[in-house]
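So you can see what is in the structure, the chains are spelled out below.
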Amino acid sequence: MDSFGKKMEYIEMICLKLQGLTKLNFQIHLGKVLKEYYISKGKTYEMPSPNGGDDKNDGWVVEDELFYQIYAPAQLRQSLPKDIRDKFTTDLSELLNKLDSGLWNGSIKEFIFIANTFDDNLPKDSDRFFETTVNRLKRRHGYDFEFKVDNLQYIRRLLIDINDETTFQLILSNLSITMNMPHELVTDKNIFEFLLSLGSNIMDKHIL
């Protein structure tokens, strides 16, 4: 297997691991991935402890004034589109209030909201809800920043930018992902498709 194929194998294993996590587990493990990524880029990723509340900052890149908010429901619900909108609005509003008080240097250049949609796409945003909400909050607080709402596709695109084998090995270790399965099984496209299908069927049975 060439180096690009090996990289894609690592990325798929990392995303499959994250896809199966919920709530605080998803936040903590995704934070570990982001921390190693930004270390590899020579930047500082700080992840406030979730104990006692995180002030609506699940992690931020100090040099870029980039803030992450991470959301993973305990179960896949039919109300997921509304839940994501409500969570986005509440978290961004409270983050800006904290920045107003001087936390994290009182400045923001980018806000990224990542939701675990399991093996589904992000809900539609035909009415431009997120853009409207951000513009309203910008006017209220006087900040100017970019934003993005995404799912694990964001992590896939981010990790493609890593060319360091050591960084991937650290991420795999931090997520307790082992490479001791037969190589053919790990890389077989049909196995991945089967796992994704199995996960989807399980989640469908738990939709409320």
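Residues numbered from 1 in each chain as written. Predicted model: local features only at pLDDT ≥ 70, side-chain atom pairs only at ≥ 80, totals over all residues. Heavy atoms only, no water.

Asker: Give me the pattern of salt bridges: which residues, what numbers.
Answerer: For the structure on display, the rule yields 12 salt bridges. Residue D86 is joined to K82 by a salt bridge in which the shortest nitrogen-to-oxygen separation is 2.6 Å. Of this pair, D86 and K82 both sit in helix α3 (residues 80–100), separated by 4 residues, roughly a single helical turn. When its relative accessible area of 37% is taken as the criterion, D86 is described as partly exposed. Judged by relative accessible area, which is 53%, K82 ranks as exposed. In this structure, the salt-bridge partner of R85 is D127, at a minimum N-O distance of 2.7 Å. Of this pair, R85 sits in helix α3 while D127 sits in the loop between β4 (110–115) and α4 (129–141), and the two are 42 residues apart along the sequence. (Salt bridge = Lys/Arg side-chain N within 4 Å of Asp/Glu carboxyl O. Helix = DSSP H or I, 4+ residues; strand = E, 2+ residues; numbered from the N terminus. Buried < 20%, exposed > 50% of the residue type's maximum accessible area, 1.4 Å probe, protein only.)

Asker: Could you give an account of the confidence of the model for the chain, with specific residues and numbers?
Answerer: Averaged over all residues, the pLDDT of the chain is 87; the fraction at 70 or higher stands at 83%. This model gives residues 181–186 a pLDDT under 50, and the stretch forms 7 contacts once residues within four places in sequence are excluded. (pLDDT = per-residue confidence, 0-100. Contact = heavy atoms within 4.5 Å.)

Asker: Lay out the sheet that holds strand β1 (residues 45–46) with the relevant residues and their values.
Answerer: Here we have 5 strands laid out as an open sheet, ordered β1-β2-β3-β4-β5, and mixed in their pairing. A strand with exactly one partner marks an edge of an open sheet, and here the two such strands are β1 and β5 (146–150). Both strand β2 (residues 59–61) and strand β3 (residues 66–71) contribute to a ladder of 3 bridges, which runs antiparallel. Each residue of the ladder has a partner; that of W60, found in β3, is F67. (Pairing = 2+ DSSP bridges.)

Asker: So what's going on with the side chain of K7? Residues and values would help.
Answerer: Along the polypeptide, K7 turns up in helix α1 (residues 3–19). Among buried Asp, Glu, Lys and Arg side chains, K7 stands out as unpaired, with D161 the closest opposite charge at 7.0 Å. (Lys, Arg positive; Asp, Glu negative; His and termini not counted.)

Asker: How would you explain α4 if you had to name every residue and give the values?
Answerer: Given 3.6 residues per turn, any residue in an α-helix points the same way as the ones three and four places further on. Along its 13 residues, α4 runs 18 Å from first to last C-alpha, staying within 8% of the 18 Å computed at 1.5 Å per residue. Residues of α4 that are buried: F130, T133, V134, L137, K138 and H141. Buried residues of α4, viewed axially, fall in a sector of 135 degrees; they line one side. Elements in contact with the buried residues of α4: α3 and β5. The first or second residue beyond α4 is G142, which carries a positive phi of 80 degrees. (Expected span 1.5 Å × (residues − 1). Arc of directions from axis to C-beta.)

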